[in-house]
Amino acid sequence: MKIPFNVPYMSERELEYIKEAHSAGHLSGDGPFTKKCHEWIEKKTGCHKALLTTSCTTALEMTAVLAGVGPGDEVIMPSFTFVTTANAFVLRGAVPVFVDVRSDTLNIDETLVEEAITPKTKAIVPVHYAGVACDMDAITGIAAMNRLTMIEDAAQGVMANYKGQALGAIGRMGTLSFHESKNIICGEGGALLLNDPELAERAEIFWEKGTDRRDFYRKKIEKYTWRDLGSSCLPSDILAAALLSQLEEAEEITRRRFNIWSCYDKAFKNVAPEYGFSTPVIPDECDQNAHIYYLLAPDTDTRTRFMQTLHSAGIDASFHYIPLHSSPGGKRFGRSSGKLPVTSRVADQIVRLPIWIGMEDRLEYVVETAIRAMKR
Ligand SMILES: *Cc1c(COP(=O)(O)O)cnc(C)c1O
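Residues numbered from 1 in each chain as written. Predicted model: local features only at pLDDT ≥ 70, side-chain atom pairs only at ≥ 80, totals over all residues. Heavy atoms only, no water.

Looking at this model, I keep getting lost on the overall build of the protein. Mind explaining?
Per the secondary structure count, the protein includes 13 helices and 13 strands. At 21 Å, the protein has a C-alpha radius of gyration in line with the 21 Å of a compact globule built from 376 residues. Overall, the protein is about 70 × 55 × 35 Å in size when its C-alpha atoms are taken along their principal axes. When each of the 376 residues of the protein is scored for burial, the buried share is 58%. Put simply, of all contacts in the protein between residues at least 6 apart along the chain, 70% involve residues at least 24 apart. When the accessible surface of the protein is totalled, it reaches about 16100 Å², and 52% of it is carbon and sulfur. Charge separation in the protein, taken as the distance between the mean sites of 42 positive and 49 negative side-chain charges, equals 3 Å. (Helix = DSSP H or I, 4+ residues; strand = E, 2+ residues; numbered from the N terminus. Rg over C-alpha atoms; globule rule 2.2 N^0.38 Å. Buried < 20%, exposed > 50% of the residue type's maximum accessible area, 1.4 Å probe, protein only. Contact = heavy atoms within 4.5 Å. Areas by Shrake-Rupley, 256 points an atom, 1.4 Å probe, with all protein chains shown as cover. Lys, Arg positive; Asp, Glu negative; His and termini not counted. Charge placed at Lys NZ, Arg CZ, Asp CG, Glu CD.)

Is there a simple way to explain the site of the ligand in this structure?
Around the ligand sit 16 residues in total, of which Thr-57, Asp-153, Gln-156, Ser-177 and Lys-182 are the nearest. Between Lys-182 and the ligand, the recorded distance is 3.3 Å, taken from a side-chain N or O atom to an oxygen atom. Protein chains shield 93% of the accessible area of the ligand, which is 390 Å² for the free molecule. Contributing elements (two or more residues each) for the shell around the ligand: α3 (56-66) and α4 (83-90). (Near = heavy atom within 4 Å. Polar contact = N/O pair within 3.5 Å; in protein donor to acceptor, adjacent residues only side chain to side chain.)

What should I look at first to understand the side chain of Thr-211 in this one?
Following the sequence through the fold, Thr-211 ends up in the loop between α6 (200-207) and α7 (213-217). Take Thr-211: its relative accessible area is 11%, and that puts it in the buried class. Reaching out from Thr-211, the side chain makes a polar contact with the backbone oxygen of Glu-208 at a distance of 2.8 Å. If we ignore the near neighbours within four places in the chain, the residues touching Thr-211 are Glu-204, Ile-205, Tyr-224, Thr-225, Trp-226 and Arg-227.

What follows is the structure in structure tokens.
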């Protein structure tokens with residue numbers, strides 16, 4: 001039996017919509033499918049304005065410009081995250097300041113944020129790991145008190161909520177990812193969510209290569225021209241077509257992933273602790289989206305042995321991240337706020353199990369193999 005770590009989901013109308021985008025003859029960005037995706041995201045999340053981007057990385061890079069982050073500014077974030085959370089700001093000359101994570105949710109530890117703030121701090125970037133929200137009440141309060149821009153890296157957070165609010169729609173800005181490794185996908189893609197109407201105009205101009213082409217499309221102006229900083233941030237309408245078909249199935253996709261997640265959790269919740277492993281903790285105020293199912297092994301050696309057993313049984317488990325503060329880029333461009341013991345420990349202990357729609361008939365095999373591997 002072979003069980004890959006991830007198999008990208010193909011939604012029912014995906015090819016049909018792609019064909020439609022071709023026949024409509026609008027292959028570049030900001031076409032009819034892009035507009036429908038924007039409407040869907042705005043309605044679903046309640047954000048003021050959504051803009052599809054070529055990736056969540058692009059969206060984060062846009063937030064850095066829109067927040068006015070510049071050389072020497074500091075941006076607070078967890079070390080346990082993907083590189084682009086930091087790189088987006090390093091590109092503007094800013095310094096990422098890494099804070100430790102909580103041992104339950106693996107999200108930034110809100111109690112350590114205040115001591116990381118200096119007169120140079122400009123923004124804070126909570127990352128919602130595994131689609132489980134950070135303590136947003138606490139972080140929102142700290143950001144307001146210290147006049148920091150809050151940017152949510154909700155790359156993993158599509159269809160997840162905190163106290164009923166969609167992730168990405170809580171901070172001044174938020175970003176989503178539709179990379180093939182996420183829940184809702186179009187290969188490579190993302191979205192910028194703007195919750196402050198004042199940012200909308202500059203965001204649209206940046207998105208369209210620094211021009212006012214959007215106003216031209218709206219027939220507000222006769223010629224479009226260079227107005228401000230910008231880049232090519234919009235995905236082709238062909239990708240938007242693929243994305244729309246997935247967004248239309250978002251409830252169903254989330255429900256099916258949740259069934260797999262719950263099956264894992266039921267099986268491991270009581271058994272895992274007997275062997276020193278632990279299972280994810282979901283606070284009451286979080287509606288998660290079953291993006292990741294992970295176990296924490298008691299130590300690195302046990303993790304290595306556990307993963308070897310899974311791999312030799314054909315099960316492709318994986319782990320991430322090399323903490324940013326201990327990576328060459330992080331050492332060169334960033335700094336740590338205090339020691340980050342939880343981050344280092346979690347990075348050594350985490351194991352992610354396969355979770356993808358279509359693996360349901362192999363789930364029992366994964367569960368049985370994993371329990372056997374824990375017992376070793
Ligand atoms: C996947 C991911 C990203 C990057 O998303 P892309 O769409 O691949 O650019 C950024 N941050 C986090 C936390 C992620 O998981």
